[in-house]
Amino acid sequence: MATVTAAPTLAVTDVTVTTDNMGRAYAVIPDAVARPLAVAALQGIDPNARGIFFESDAHPADSWVATTVRTIFDAVLASPVAAEVDHAHGLWLYRKFDGGTFYGFIVGESGWDADARWWRDYPQAGDLRVRGCASIASKDRRALAGTCTF
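Please read these numbers as outputs of a predicted model, since none were measured by experiment.

Undergrad: Got a minute to help me understand the packing of helix H1 (residues 31-42) against helix H2 (residues 64-78) in this structure?
TA: Packed helices, taken two at a time, are described by their axes: the angle between them and the distance between them. Direction vectors running N to C along H1 and H2 enclose 115 degrees, while the axes themselves pass 11 Å from each other. Considering only the axes of H1 and H2, their crossing is left-handed. Each of Val33, Pro36, Leu37 and Ala40 in H1 lies in contact with H2, whose residues at this interface are Trp64, Val65, Thr68, Val69 and Ile72.

Undergrad: Where do I start with the sheet that holds strand E8 (residues 134-136) in this structure?
TA: Two modes of strand pairing occur in sheets, parallel and antiparallel, and in both the strands are linked by backbone hydrogen bonds. Reading across from one edge, E3-E8-E9 is the order of the three strands in this open sheet, with antiparallel pairing throughout. The outermost strands of the open sheet, each flanked by one partner alone, are strand E3 (100-102) and strand E9 (148-149). Across three bridges, the pairing between E3 and E8 is antiparallel. Counterpart to Phe102 in the pairing with E8 is Ala134. Sheet strands in contact with H2 are E3, E8 and E9, and its direction is about 100 degrees off that of E8.

Undergrad: What should I look at first to understand the packing of aromatic side chains in this one?
TA: The description of two aromatic rings rests on the distance between their centres and on the angle between their planes. Inspection of every chain in the model, using the stated rule, returns six aromatic pairs. Relative to Trp119, the ring of Tyr26 lies with its centre 5.7 Å away and its plane at 75 degrees, an arrangement referred to as edge-to-face. Here the residue Tyr26 occupies a position in strand E2 (residues 25-29), and Trp119 occupies one in strand E6 (residues 118-119), the gap between them amounting to 93 residues. Judged by relative accessible area, Tyr26 falls into the buried class, the value being 0%. Here Trp119 falls in the buried class, since its relative accessible area comes to 12%.

Undergrad: What is the right way to read the environment of Gly126 from this model?
TA: Considering the arrangement of structural elements, one finds Gly126 in the loop between E6 and strand E7 (129-130). In this structure, the C-alpha to C-alpha distance between Gly126 and Ala137, residues 11 residues apart in sequence, is 26 Å.

Undergrad: Even after reading the chapter, I still don't get the state of the cysteines, so can you show me in this structure?
TA: Each disulfide is one covalent bond, formed between the sulfur atoms of two cysteines. Taken as a whole and assessed by the stated rule, the structure comprises zero disulfides. We note that Cys133 lacks a disulfide partner, and the nearest cysteine sulfur, in Cys148, lies 11 Å from it. Looking at Cys133, the relative accessible area reads 30%, which means it is partly exposed.

Calculation notes
- Residues numbered from 1 in each chain as written.
- Predicted model: local features only at pLDDT ≥ 70, side-chain atom pairs only at ≥ 80, totals over all residues.
- Heavy atoms only, no water.
- Axes fitted to C-alpha atoms, helices over the stretch in contact; angles between N-to-C directions.
- Helix = DSSP H or I, 4+ residues; strand = E, 2+ residues; numbered from the N terminus.
- Left-handed = near helix turned anticlockwise from the far one by under 90°.
- Contact = heavy atoms within 4.5 Å.
- Pairing = 2+ DSSP bridges.
- Phe/Tyr/Trp six-rings, centres within 6.5 Å; stacked < 30°, edge-to-face > 60°.
- Buried < 20%, exposed > 50% of the residue type's maximum accessible area, 1.4 Å probe, protein only.
- Disulfide = S-S within 2.5 Å.

As structure tokens, then:
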């Protein structure tokens, strides 16, 4: 599997938080950030595994991956969508304990159709879809605090 290399820095203002036509939360980020983040989300997961409960490798708290995910969390919490998805999507834990899970979707901007509020071309946007649920381990996890998994 490919390794993650440094990608452009993501700012809260680079993240568009929206919902799809079924009310699910999406964080739409620049493609240059989505691609390496999508690779990171798959690190450590057997591509031939079958089932639903898999977790990526833990990315260190000071890594590009964890920093980028925290920026996405901050953007979601600062958006008007947060009132709709905050508690139900695990981010209330991030506010209180510096760790939580975003049960929404993260996608690169060219894979998202803002007008239709849906994927632009789902089969062709695989490299722009960040699979899994982005999670930051809370501070009560001591040695794992701040690490990021998907």
